[in-house]
Amino acid sequence: MIGNFLDQFWSLTFGGLSLGFIYILIALGYTMVYGVLRMINFANSEIFMVGTFATIIIIRDVFQFTQTSEYATGFRLWLILGTALISAMLVSGILSMLVEMVAYRRLRRMNSGVLAPLISAIGVSMVLSESVRILTDSRPVASPRAMEKKFLGQFFDAGIRIDNTIIVISALILFGILVTFVNKTRMGKAIRAVSMNPNAARLMGINIDGVVSATFLVGGLMTGAAGFFYTLKYENTSAFIGFELGIAAFTAAILGGIGNIKGAFYGGLALGLLETYASFFLGTQWKAVTVFVVLVLVLYTRPNGLFGEALTQTRA
Amino acid sequence: MKKRGLISVAAAAALAVSSLVGFAPASHAKAKTITLAFQGPLTGEEASVGQDELAGMQYAIKLFNAKNKGKYKVKVVQADDQGDPAQSAKVAPGIASNKKIIGLVGAAYSGATIAALPYYKQRGLAMVSPSATRVSITDPADGNIGFPVFHRVVPTDKVQGPALFKLATKGVSSPKVYIVDDQSAYGVGLVDYMKPTIPAGQGAGFDSVSDRTTDWSATIAKVKTAGANVVIYTGYFPQAAPFFKQLRDSGYTGILAGGDGVLSPTFVTLAPASVLEGVRLTAGTVPLAEIDAALEADFAKKMGKASGVYAAESIDATNVFLSCVAKGISKRPAMLKCVKAYSGKSLTGTTIKFNQYGDVAGGVMNGFEVKSGVIKFTGAVK
């Protein structure tokens, strides 16, 4: 078994890494909102789901690809991928902002406590997934393949595939942009201020609603990008895709320390790799068990996750 | 998981409302109104299976109502069990105690069927399932839990498991078969019935993968380590397509095969045609389009969507009841008797006649192959 594992080590690792980067981006959606509002935005999984559909609509309907089309190459390929990425991010980002305005804002103003927004979030999540289910006739939907999945090279025994490479590099760039935004910009500073002490931030003249909207927008943009990368890698989605990925990303966020951007990064990577290795060693049926055993063990020693809970202390 | 509980409550409420609507008096003055029920997953993650079967049932009824205008008007009460036994046990009492319902097409899933059976047996409601293939429901060795109300128009997994293995390895000189199930009772059962028929040295390994899996890299690594040249997936099409796609993308060139859960018109839309080329499938049915292209066209026109898996069985199951309705039957005991004595032709032309346990005798497994993005019928598996 060990010998087999070593044979497959690099190909498992590459698969786990690109999955991990998708988790990171979704986990950022949870973590940004939690950092600012101390609230779990359960609708984030559906924001992701909508991002996958936005990607498919661009590739299938706007660029007219089918399952029998020729693959795109050169400039046209990058145009298609770029358009799909930006559209998925915008659609998810704006949807995320709308969800906040419709489902959470009034509750927050009325100081409703933690339970009402929780139920509101679950409600939004159900409305979104059931609406898409009805629109798609309960069927899974596939993205036609626009880009040939060729191997760029060989690393030991493992082939390095183009889609995994694109995901890892682009996700790293997006993560870098997010960290810079939170740490270096005026809005980032305001977000950190609200996260640290909302009342003091209000007294300092910070527009809380604006900051919260920006947080949801940024979280949604990241989650939408995850939707694009997911579709690029797996090419399939359904109205219920958010549940599985959402739980995984939420776990990653908790593992790293929810509310902490750095935590989402390492939590996502750890989870992607852990899931892949555990599935190989113990059988795929033990994947979830292994993940949660590890999660509980981590929380025993570090109850706030690997990197603690505070968005404010983040210096990634 | 809280989320799921809430969905169930909402679904139960929705069902209550839809049932009430279902009992509204008929507008046709003379036509005799007959009420049948459908039970299967209509919302939730398995909804596509139930919605497809319901469409098959409604199609059969549409034809019947048009033919018997002014004489009979058949209505359908929809019972949504989400494919879940717990949900099934909640909706079944309501269906069982509604005396207007004289027959039930379903349940779609075996687990949900077993959970609902006590209620239907108590009230003598005849059932004809288009797709519950679990052997134990009609197996006398298992206490024959479905007797006397349960019937089905599909051959069981006992027939399908060995047939699937046979089809997958056909023409392969030294097969090394890797078998993956989806952890469902259906998938695991198929593998259990397949296992005793696997010749020594041909089994390369097994994996059991949740039907929510989206990343298959671990299973693919195992397939490669085992050096398999045949891979069989005993699950449903939404997972089969991504699995096969990821397997092919990783460089696997051997044979891919699956059971009736994979045989859906949607399956071929979920992956590039080049990836699915040559995928082998078994099923107790034939897709409507394969039976008659005109039939599929008419179905699509009347129902507003293409037919799904088990469409033919759903029509067959409904026709069992409709033939009894046409004989003037309007009460449960008479309906049960009529179903038990039924003998008629299925859409494919085989005879549907139930044995004492409710199984249809002499079920045949058919083989299919994907060619240029279309599922082609290749004849019975022998």
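Residues numbered from 1 in each chain as written. Chains lettered and ligands numbered in written order. Predicted model: local features only at pLDDT ≥ 70, side-chain atom pairs only at ≥ 80, totals over all residues. Heavy atoms only, no water.

- With an unreviewed UniProt entry as reference, chain B is termed Leucine-binding protein domain-containing protein, source organism Actinobacteria bacterium BACL2 MAG-120802-bin41.
- Annotation of chain B in UniProt includes, under Sequence similarities (unreviewed entry), the sentence "Belongs to the leucine-binding protein family." (UniProt positions renumbered as here; feature names shortened; annotations may be inferred.)

1. Section: the overall build of chain A
Line of reasoning, step 1. Each helix and strand counted, chain A has 11 helices and four strands in total.
Line of reasoning, step 2. Viewed in the frame of its principal axes, chain A has a C-alpha envelope of about 60 × 45 × 35 Å.
Line of reasoning, step 3. Counting only residues that meet the buried cut, chain A has 59% of its 316 residues in that class.
Line of reasoning, step 4. Considering only residue pairs separated by 6 or more positions, chain A has 79% of its internal contacts joining residues 24 or more positions apart.
Line of reasoning, step 5. For chain A, the exposed area adds up to about 13,200 Å²; of that, 67% sits on carbon and sulfur atoms. (Helix = DSSP H or I, 4+ residues; strand = E, 2+ residues; numbered from the N terminus. Buried < 20%, exposed > 50% of the residue type's maximum accessible area, 1.4 Å probe, protein only. Contact = heavy atoms within 4.5 Å. Areas by Shrake-Rupley, 256 points an atom, 1.4 Å probe, with all protein chains shown as cover.)

2. Some points on the layout of surface pockets
Residue and element names in this part refer to chain A.
Line of reasoning, step 1. Considered as a void within the structure, the second largest pocket measures approximately 640 Å³ in volume.
Line of reasoning, step 2. Every residue lining the second largest pocket is counted, 23 residues in all, and those nearest its centre are Leu-37, Leu-107, Arg-108, Asn-111 and Gly-113.
Line of reasoning, step 3. At the level of elements, helix H1 (2-37), helix H3 (74-109), helix H4 (115-135), helix H6 (186-196), helix H7 (198-203) and helix H8 (208-234) are the ones that each hand at least two residues to the lining of the second largest pocket.
Line of reasoning, step 4. Class assignment for the residues of the lining of the second largest pocket results in 13 nonpolar, five polar and five charged. (1 Å grid on protein atoms, 1.4 Å probe; cavity = no way out; pocket = protein on both sides within 12 Å on 5 of 7 lines; lining within 4 Å. Points joined across faces, edges and corners; volume = space filled by probe spheres on them. Nonpolar A, V, L, I, M, F, W, Y, C, P; charged D, E, K, R; others polar.)

3. Overview of the interface of chain B and chain A
Line of reasoning, step 1. Listed per partner, the contact involves 45 residues of chain B and 42 residues of chain A.
Line of reasoning, step 2. Buried surface at the junction of chain B and chain A, summed over both partners, amounts to about 3,600 Å²; 57% is from carbon and sulfur atoms.
Line of reasoning, step 3. Measuring nitrogen to oxygen at the nearest pair gives 2.7 Å for the salt bridge that ties Arg-145 of chain A to Asp-249 of chain B.
Line of reasoning, step 4. At the boundary of chain B with chain A, the tally comes to 11 residue pairs in polar contact (both at pLDDT 80 or more).
Line of reasoning, step 5. By residue number, the principal contributor to the side of chain B that touches chain A is helix H7 (residues 217-226) of chain B, which donates seven residues. (Buried area = accessible area lost by both parts, 1.4 Å probe. Salt bridge = Lys/Arg side-chain N within 4 Å of Asp/Glu carboxyl O. Polar contact = N/O pair within 3.5 Å; in protein donor to acceptor, adjacent residues only side chain to side chain.)

4. Remarks on the sheet that holds strand S8 (residues 230-234) of chain B
Residue and element names in this part refer to chain B.
Line of reasoning, step 1. Taken together, seven strands build an open sheet; the order of strands is S7-S6-S8-S9-S10-S13-S14 and the sheet is mixed. Of all strands in the sheet, those bounded by a partner on one side alone are strand S7 (203-208) and strand S14 (374-380). Averaged over all adjacent pairs, the angle separating strand axes in this sheet is 20°, with direction ignored.
Line of reasoning, step 2. As judged from the four bridges shared by S8 and strand S9 (residues 255-258), these two strands associate in the parallel manner. Following the sheet pairing, Ile-232 is matched in S9 by Ala-257. (Pairing = 2+ DSSP bridges. Axes fitted to C-alpha atoms, helices over the stretch in contact; angles between N-to-C directions.)

5. Points about the sheet that holds strand S1 (residues 32-40) of chain B
Strand pairing in a sheet takes place through backbone hydrogen bonds and is either antiparallel or parallel in direction.
Residues and elements named next belong to chain B.
Line of reasoning, step 1. If you walk across this open sheet you meet the five strands as S2-S1-S3-S4-S5, and the pairing is parallel. Edge positions in the sheet fall to strand S2 (72-80) and strand S5 (150-152), since each of these pairs with one other strand and no more. On average, each strand axis in the sheet is tilted by 25° relative to the strand beside it, whichever way the strands run.

6. Brief notes about helix H12 (residues 311-326) of chain B
All names here are of chain B.
Line of reasoning, step 1. With 16 residues, H12 extends 22 Å between its outermost C-alpha atoms, agreeing within 8% with the 22 Å of an ideal straight helix rising 1.5 Å per residue.
Line of reasoning, step 2. Burial analysis of H12 places 13 of its 16 residues in the buried class, which makes it a mostly covered element.
Line of reasoning, step 3. Backbone geometry just downstream of H12 places Gly-328 in the positive-phi region, at approximately 95°. (Expected span 1.5 Å × (residues − 1).)

7. Remarks on the UniProt feature "domain: Leucine-binding protein" (unreviewed entry) in chain B
Line of reasoning, step 1. This chain's UniProt record puts "domain: Leucine-binding protein" (unreviewed entry) on residues 33-351 of chain B.
Line of reasoning, step 2. Across residues 33-351 of chain B one finds 43% helix and 18% strand; the C-alpha atoms that close the span lie 29 Å apart.

8. Thoughts on the domain arrangement of chain B
Residue and element names in this part refer to chain B.
Line of reasoning, step 1. Domain boundaries in chain B define domain 1 (2-155 + 291-349) and domain 2 (158-283 + 365-380).
Line of reasoning, step 2. The gap between the C-alpha centroids of domain 1 and domain 2 is 30 Å.
Line of reasoning, step 3. Summing the contributions of domain 1 and of domain 2, the shared interface buries around 1,000 Å²; its carbon and sulfur component is 57%.
Line of reasoning, step 4. Inspection of the domain 1/domain 2 interface yields zero salt bridges.
Line of reasoning, step 5. Here domain 1 is connected to domain 2 by one residue pair in polar contact (both at pLDDT 80 or more).
Line of reasoning, step 6. Of the residues in the side of domain 1 that touches domain 2, the class split is four nonpolar, four polar and five charged. (Domains from an automatic or database assignment.)

9. As for the packing of aromatic side chains
Pairs of aromatic rings are described using the distance from one ring centre to the other and the angle between the two planes.
All names here are of chain A.
Line of reasoning, step 1. Summed over the entire model, instances satisfying the criterion amount to 26 aromatic pairs over all chains.
Line of reasoning, step 2. On the numbers, 4.8 Å between centres and 80° between planes, the contact of Trp-10 with Phe-155 is edge-to-face. Separated by 145 residues along the polypeptide, Trp-10 in helix H1 and Phe-155 in strand S2 (residues 151-155) bring together distant segments of the chain.
Line of reasoning, step 3. Overall, the relative accessible area of 32% leaves Phe-155 in the partly exposed class. (Phe/Tyr/Trp six-rings, centres within 6.5 Å; stacked < 30°, edge-to-face > 60°.)

10. Concerning the nonpolar core
Line of reasoning, step 1. Counting residues in each nonpolar core, the largest one holds 88 residues, and the members touching the most others are Ile-22, Leu-25, Leu-28 and Phe-229 of chain A.
Line of reasoning, step 2. The leading source of residues in this core is H1 of chain A, at 14 residues.
Line of reasoning, step 3. In this view, Phe-229 of chain A contacts Ile-22, Leu-25, Leu-85, Ile-167, Ser-170, Ala-171 and Leu-174 of chain A; residues no more than four positions away in its chain are not counted.
Line of reasoning, step 4. Val-77, Ala-96, Val-105 and Phe-299 of chain B belong to the second largest nonpolar core, which has 58 residues in total. (Core = buried A, V, L, I, M, F, W, Y, C linked by side-chain atoms within 4.5 Å.)

11. Examining the pattern of salt bridges
Line of reasoning, step 1. Throughout the structure, instances matching the rule amount to 20 salt bridges over all chains.
Line of reasoning, step 2. For Asp-209 of chain A, the salt bridge is made with Arg-108 of chain A, and the minimal N-O distance between the two is 3.3 Å. Taken together, the residues Asp-209 of chain A in helix H8 and Arg-108 of chain A in helix H3 connect sequence positions 101 residues apart.
Line of reasoning, step 3. Each of Arg-145, Lys-149, Arg-161, Asp-163 and Glu-235 of chain A together with Lys-245 and Asp-249 of chain B takes part in a single network of salt bridges with overlapping partners.

12. Overview of the packing of helix H9 (residues 241-256) of chain A against helix H11 (residues 287-301) of chain A
When two helices pack together, their arrangement is given by the angle between the helix axes and the distance between those axes.
All names here are of chain A.
Line of reasoning, step 1. Between H9 and H11, the least distance of the axes is 10 Å, while the angle of their chain directions is 25°. Taken together, the axes of H9 and H11 are roughly parallel relative to one another. For the element pair H9 and H11, the recorded crossing hand is left-handed. Taken together, the residues of H11 that come into contact with H9 (itself represented by Ile-247, Thr-251, Ile-254 and Leu-255) are Val-291, Phe-292, Leu-295, Val-298 and Leu-299.
Line of reasoning, step 2. Broken down by class, the residue content of the contact of H9 with H11 amounts to eight nonpolar, one polar and no charged. (Parallel < 35°, antiparallel > 145°, perpendicular 65-115°, else oblique. Left-handed = near helix turned anticlockwise from the far one by under 90°.)

13. Some thoughts on the state of the cysteines
Residue and element names in this part refer to chain B.
Line of reasoning, step 1. Scanning the entire structure with this criterion turns up one disulfide over all chains.
Line of reasoning, step 2. Here Cys-324 connects covalently by a disulfide to Cys-338, the sulfurs 2.0 Å from one another. Between Cys-324 and Cys-338, the S-S torsion sits near -95°, and that sign places the bridge as left-handed. Of this pair, Cys-324 sits in helix H12 while Cys-338 is found in helix H13 (residues 332-340), placing the two residues 14 residues apart along the sequence. The residues Cys-324 and Cys-338 share a single accessibility class, namely buried. (Disulfide = S-S within 2.5 Å.)

14. A look at the environment of Lys-121 of chain B
All names here are of chain B.
Line of reasoning, step 1. Here Lys-121 lies in helix H4 (residues 110-123).
Line of reasoning, step 2. In this structure, the C-alpha to C-alpha distance between Lys-121 and Pro-140, residues 19 residues apart in sequence, is 16 Å.
Line of reasoning, step 3. Excluding residues within four positions of it along the chain, Lys-121 makes contact with Ile-145, Phe-147, Pro-148 and Val-149.

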